[in-house]
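Each chain is listed here by its residues.
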Amino acid sequence: MKWNAKWIRPVVDMGDVCPVFFTTFACPKEIHSAVLSITATGVYEAVLNEKRVGEFVLAPGWTDYDYRLQVQQYDVTALLAAQNHLKVTVGKGWYRSPMPGRVSPERREKLDRFSAGLTAELILIFADGTSQRISTDETWKAAESPVRFSEIYNGETFDASFIASASFPAEVFDGPTKTLIPQQGEEVREQERLVPASIFITPAGETVVDFGQEVTGYVEISVDAAAGDRIELSHAEVMDKQGNFYTENYRSAKAKYIYICKDSKQTYKPKMTFFGFRYIRIDSFPGGVSNAKPENFTAVVVHSQMDRTGYLRSSNPLLNKLFDNVIWGQKGNFVDVPTDCPQRDERLGWTGDAQAFIRTACLNYDTEKFFTKWLADMAAGQKESGLVGHVVPNILNNKEASAAWDDAAVICPWALYLAYGNPEILSAQYECMKKWVSYITTHTTTEYLWTGGTHFGDWLGLDAPVGSYKGSTRADFIASAFYANAVMLVIKAGKVLGKDVSDYEVLYEKIVAAFRQAYPAYTTQTECVLAAHFKLAPDCQAAADLLAAMVKNCGTKLQTGFVGTPYLLHVLSDYGYTKLAYDLLLRTEYPSWLYPVTKGATTIWEHWDGIMENGDFWSADMNSFNHYAYGAVADWVYCQAAGINTIEEHPGYEKVKIAPLPDKRLDWLEASLKTYHGQIRSRWQKQEDQWRYEIDTPVDAVVVIDGTEYQVGKGSYVFYSKC
Ligand code: BGC
């Protein structure tokens with residue numbers, strides 16, 4: 001975008017302290033409008049005349065900064081006075097925080113050398129039609145701010161009693177201008193506030209506040225104190241078996257919040273970091289930790305702006321808790337990019353997790369804008385080879401792609417298109433989709449299959465050999481199946497866009513033939529799932545039959561990991577095993593979706609047994625309690641249990657198929673979905689020996705009840721079938 005303002009940075013090195021940049025200006029005439037355009041290399045908070053500008057927390061958000069840095073625009077007309085003071089604090093944010101868990105020492109060093117930079121332009125339009133431009137340049141000043149330390153993983157230190165003794169000139173530097181783009185994504189904002197559920201002392205004698213819900217955000221402190229008093233908070237997701245505060249699973253992320261008080265009553269919350277937590281430990285408090293009271297703390301929930309569209313409810317309280325946990329998993333991991341988890345030293349845009357969850361994400365919330373921006377970062381950062389990265393923004397810079405992870409390149413645009421019906425996402429991503437296919441074609445060691453390379457496999461599958469995170473499903477099997485799927489999605493997208501896809505159609509046929517020859521038999525649940533779901537098996541019914549037998553033979557248990565789980569129940573119910581799908585959904589013993597619920601989960605766990613039956617943790621190394629991936633099961637509940645589906649030829653629910661699949665173990669189940677065409681509702685309920693179905697559709701629908709199809713127009717309908 002066209003950009004006139006200069007980049008500025010402090011002339012002195014302030015170390016960990018966040019600089020505050022400021023300027024003053026007069027507004028000599030009656031004002032008509034004033035717009036501030038601004039961005040930073042880090043995250044910023046702008047304050048005009050002591051009032052915060054806008055609601056965007058952690059602005060300018062996280063993009064692939066090598067290619068794209070968003071500029072925000074705020075209407076600040078209402079904040080102006082005759083004499084004005086504009087100040088902007090810049091923290092490290094995603095631009096400059098070292099990513100302790102994953103980033104190489106070289107990159108860390110490079111990050112340390114980056115400057116806290118700011119560029120901004122305020123355009124004042126006066127009532128008489130004249131205008132004035134105030135933009136960052138060498139006339140601005142910089143000083144140390146009370147934010148003594150702030151970064152994404154380790155937290156924040158704020159000294160409310162700090163008064164800067166000196167200010168320095170700001171220095172103009174050659175910051176990024178070619179990469180500036182207008183704000184594309186949703187704003188991250190404060191969304192909810194939770195008061196403590198309890199405050200208690202652990203067996204280890206520590207004082208802990210429980211907010212009753214794992215959230216992503218930060219804690220607001222309200223306290224009456226004296227200057228220099230210190231409040232120190234640590235964050236945790238769970239308490240250990242003994243009831244003590246547990247932080248080992250945060251790995252190297254310190255996740256600490258330190259507040260140094262000023263005199264008298266004060267309220268403060270961190271400005272430029274976030275935490276994933278349910279509990280806080282009070283490590284220090286004015287007059288001693290025993291003085292801390294629940295009213296001193298409020299959890300502020302922060303996530304990207306998204307309108308809630310989908311709701312699930314049933315007669316089963318455990319299932320309802322699971323649905324709530326899926327929602328909280330989404331809220332907690334949709335902080336500008338879809339992350340694996342919000343707490344430990346990762347919080348990265350893992351592509352595998354996003355492709356597993358995207359269908360559910362699009363049902364729960366309107367995520368079109370959120371994902372459109374993330375996919376644009378994916379396309380921008382895609383390598384010449386077609387590799388898109390294990391994470392987007394691709395800060396890991398992995399040299400090899402992994403099947404089912406980089407496949408987000410094709411799966412996510414298609415999911416968005418189906419959910420919202422807008423072909424623009426396909427035209428925006430089509431080149432990226434094709435390049436991804438070409439990566440596979442040129443990197444495989446066997447033509448028409450995808451063999452070789454290093455993959456995450458069926459990550460965390462329960463059939464993993466001891467000591468491995470990868471399930472037993474053959475890596476080449478997964479990769480080849482996703483290759484076929486990728487080509488199929490390019491074909492579908494190409495057809496929507498009116499492209500010639502004949503070469504891809506030929507390629508697809510060859511892949512399917514090669515796949516059938518290479519993999520005549522399936523050895524794991526995930527292999528059966530992929531063969532049937534991607535329609536690669538010569539006889540999909542037989543693959544599903546084998547899957548059902550495998551599930552039953554191991555005691556009606558799933559063994560699938562990140563790759564197989566999202567499609568597992570779909571395959572079962574698509575091929576006549578609806579009861580078995582419900583067996584898995586309603587199972588409460590490990591492994592199952594409801595097992596964590598019985599253990600008090602308030603979000604979705606990374607592992608089926610994050611907390612084991614005996615109360616021990618699965619591991620300290622890889623044990624997040626807010627990992628949305630397995631929450632993908634909600635998509636089965638919306639689409640199969642309640643039966644709400646868009647029709648591929650009429651995407652975005654322009655026309656729908658509603659084919660509910662009730663189960664006697666539930667008295668009722670209801671799903672509702674706000675679409676761009678109106679609200680869809682599907683409810684079934686036991687009524688003596690009958691099922692009563694209530695269906696509201698805002699568009700033409702095909703309703704399938706107990707195998708019989710009804711074509712209906714928009715309206716509300718009641719159907720019955722035998723129970
Ligand atoms: C993340 C996962 C991710 C995986 C790749 C983990 O550390 O938390 O969710 O997909 O790495 O295998």
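What counts as what
- Residues numbered from 1 in each chain as written.
- Predicted model: local features only at pLDDT ≥ 70, side-chain atom pairs only at ≥ 80, totals over all residues.
- Heavy atoms only, no water.
- Helix = DSSP H or I, 4+ residues; strand = E, 2+ residues; numbered from the N terminus.
- Rg over C-alpha atoms; globule rule 2.2 N^0.38 Å.
- Buried < 20%, exposed > 50% of the residue type's maximum accessible area, 1.4 Å probe, protein only.
- Axes fitted to C-alpha atoms, helices over the stretch in contact; angles between N-to-C directions.
- Parallel < 35°, antiparallel > 145°, perpendicular 65-115°, else oblique.
- Left-handed = near helix turned anticlockwise from the far one by under 90°.
- Contact = heavy atoms within 4.5 Å.
- Nonpolar A, V, L, I, M, F, W, Y, C, P; charged D, E, K, R; others polar.
- Pairing = 2+ DSSP bridges.
- Expected span 1.5 Å × (residues − 1).
- Bend = angle between axes of the 7 residues up to and from the residue.
- Phe/Tyr/Trp six-rings, centres within 6.5 Å; stacked < 30°, edge-to-face > 60°.
- Lys NZ or Arg CZ within 6 Å of the ring centre and 35° of its normal.
- Domains from an automatic or database assignment.
- Polar contact = N/O pair within 3.5 Å; in protein donor to acceptor, adjacent residues only side chain to side chain.
- Core = buried A, V, L, I, M, F, W, Y, C linked by side-chain atoms within 4.5 Å.
- Disulfide = S-S within 2.5 Å.

A. Geometry of the overall build of the protein chain. What the protein chain contains, in helices and strands, is 15 helices and 35 strands. A compact globule built from 723 residues would reach a C-alpha radius of gyration of about 27 Å, and the protein chain, at 27 Å, matches this within 12%. The C-alpha extent of the protein chain, read off along each of the three principal axes, is 75 × 60 × 55 Å. Across the 723 residues of the protein chain, 62% fall into the buried class.

B. Region of the structure containing the packing of helix H13 (residues 578-586) against helix H15 (residues 633-641). Orientation of H13 relative to H15, taken along the N-to-C sense of each, is 140°, at an axis distance of 12 Å. When the axes of H13 and H15 are compared, the pair comes out oblique. Note on packing geometry: the crossing formed by H13 with H15 is left-handed. Where H13 approaches H15, its residues Ala581, Tyr582 and Leu585 are matched on the opposing element by Val633, Trp636, Val637 and Ala641. Broken down by class, the residue content of the contact of H13 with H15 amounts to seven nonpolar, no polar and no charged.

C. Molecular detail of the sheet that holds strand S35 (residues 715-722). Read across the sheet, five strands follow the order S25-S30-S31-S32-S35 without closing on themselves; strand pairing throughout is antiparallel. Edge positions in the open sheet fall to strand S25 (310-314) and S35, since each of these has one partner strand only. Neighbouring strand axes in the sheet, compared pairwise and without regard to direction, differ in orientation by 10° on average. The pairing of S25 with strand S30 (residues 668-675) spans five bridges and is classified as antiparallel. Paired with Tyr311 across the bridge in S30 is Ser672.

D. Summary view of helix H4 (residues 351-364). Helix length check: H4 (14 residues) gives 19 Å between terminal C-alpha atoms against 20 Å at 1.5 Å per residue, within 8%. Helix geometry: H4 is bent most strongly at Phe357, by close to 55°. The buried fraction of H4 amounts to 13 of the 14 residues, a majority that puts the element mostly inside the structure.

E. Here's a closer look at the packing of aromatic side chains. One pass over the full model with this rule turns up 45 aromatic pairs. A centroid spacing of 5.0 Å and a plane angle of 55° characterise the contact between Phe515 and Tyr519, whose relative ring orientation is tilted. Phe515 gets classed as buried once you look at its relative accessible area, which sits at 0%. Where Trp608 meets Tyr630, the ring centres are 4.1 Å apart and the plane angle is 15°; that geometry is what we call stacked. Placement of the pair is Trp608 in the loop between helix H14 (594-598) and H15 and Tyr630 in the loop between H14 and H15, with a sequence separation of 22 residues. Through a chain of ring-to-ring contacts, the aromatic side chains of Trp350, Trp405, Phe456, Trp459, Tyr469, Phe562, Trp593, Trp608, Trp618 and Tyr630 assemble into a single cluster. Against the face of Phe162 rests Arg148, its NZ or CZ located 3.9 Å from the ring centre. Over the ring of Trp668 we find Arg683; its NZ or CZ atom is 4.6 Å from the centre of that ring.

F. Spatial organisation of the domain arrangement of the protein chain. Domain parsing of the protein chain yields domain 1 (7-185), domain 2 (190-304), domain 3 (310-641) and domain 4 (656-722). Centre-to-centre separation of domain 2 and domain 4, based on C-alpha positions: 45 Å.

G. Region of the structure containing the sheet that holds strand S28 (residues 644-646). Spatially, four strands are ordered S28-S29-S33-S34 in an open sheet, and the strand pairing comes out mixed. Of all strands in the sheet, those with a lone pairing partner are S28 and strand S34 (708-712), marking the two edges. Between one strand axis and the next, the sheet turns through 20° on average, direction left out of account. In terms of strand pairing, strand S33 (residues 701-705) meets S34 through five bridges, oriented antiparallel. By the bridge assignment for S34, Val702 is matched with Gln711.

H. Quick peek at helix H6 (residues 408-420). An ideal rise of 1.5 Å per residue puts 18 Å on 13 residues; H6 measures up with 17 Å between its terminal C-alpha atoms. Among the 13 residues in H6, 12 count as buried, and that is most of the element. Within the span of H6, buried status applies to Ala408, Ala409, Val410, Ile411, Cys412, Pro413, Trp414, Ala415, Leu416, Tyr417, Ala419 and Tyr420. Residues of H6 that are buried in the fold lie against H4, helix H5 (368-381), helix H7 (424-443), helix H8 (475-496) and helix H12 (565-574). Looking at the residues trailing H6, positive phi occurs at Gly421, about 75°.

I. Quick look at the side chain of Thr451. When you line up the elements, Thr451 lands in the loop between H7 and H8. Taking the relative accessible area as the measure of exposure, Thr451 reaches 8% and is therefore buried. At a separation of 2.6 Å, a polar atom in the side chain of Thr451 contacts the side chain of Thr446.

J. A look at the nonpolar core. Counting residues in each nonpolar core, the largest one holds 235 residues, and the members touching the most others are Trp94, Phe297, Trp374, Leu569 and Leu572. Among the elements that make up this core, the one with the highest residue count is H8 (13 residues). The residues touching Leu572, leaving out its near neighbours within four places in the chain, are Leu547, Ala548, Tyr577, Thr578, Leu580, Ala581 and Leu584. Formed by eight residues, the second largest nonpolar core is a distinct cluster that contains Tyr595, Ala601, Ile611 and Phe617.

K. Representation of the packing of helix H11 (residues 540-553) against H12 in the model. Relative orientation of the contacting elements H11 and H12 amounts to 110°, with a least axis distance of 9 Å. Taken together, the axes of H11 and H12 are roughly perpendicular relative to one another. Handedness of the H11/H12 crossing: left-handed. Packed against H11, whose contacting residues are Ala544, Leu547 and Ala548, the element H12 presents Leu568, Val571 and Leu572 at the interface.

L. Spatial organisation of the side chain of Asn296. The topology assignment puts Asn296 in the loop between strand S23 (275-284) and strand S24 (297-304). A polar contact is formed between the side chain of Asn296 and the backbone oxygen of Ser222, at a distance of 2.9 Å. Those residues in contact with Asn296 that lie beyond four places of it in its chain are Glu220, Ile221, Ser222, Val223, Phe285 and Asn291.

M. Representation of the pairing of strand S18 (residues 230-236). By the criterion of burial, S18 is predominantly enclosed, with six of the seven residues buried. Here S18 pairs with strand S21 (residues 256-260) via five bridges, running antiparallel. Paired with Arg230 across the two strands is Ile260, which belongs to S21. Here S18 runs beside S23; their pairing, made up of five bridges, is antiparallel.

N. Structural context of the state of the cysteines. Per the counting criterion, the structure on display carries zero disulfides. Cysteine Cys341 remains unbridged, with the sulfur of Cys412 as its closest cysteine sulfur at 18 Å.

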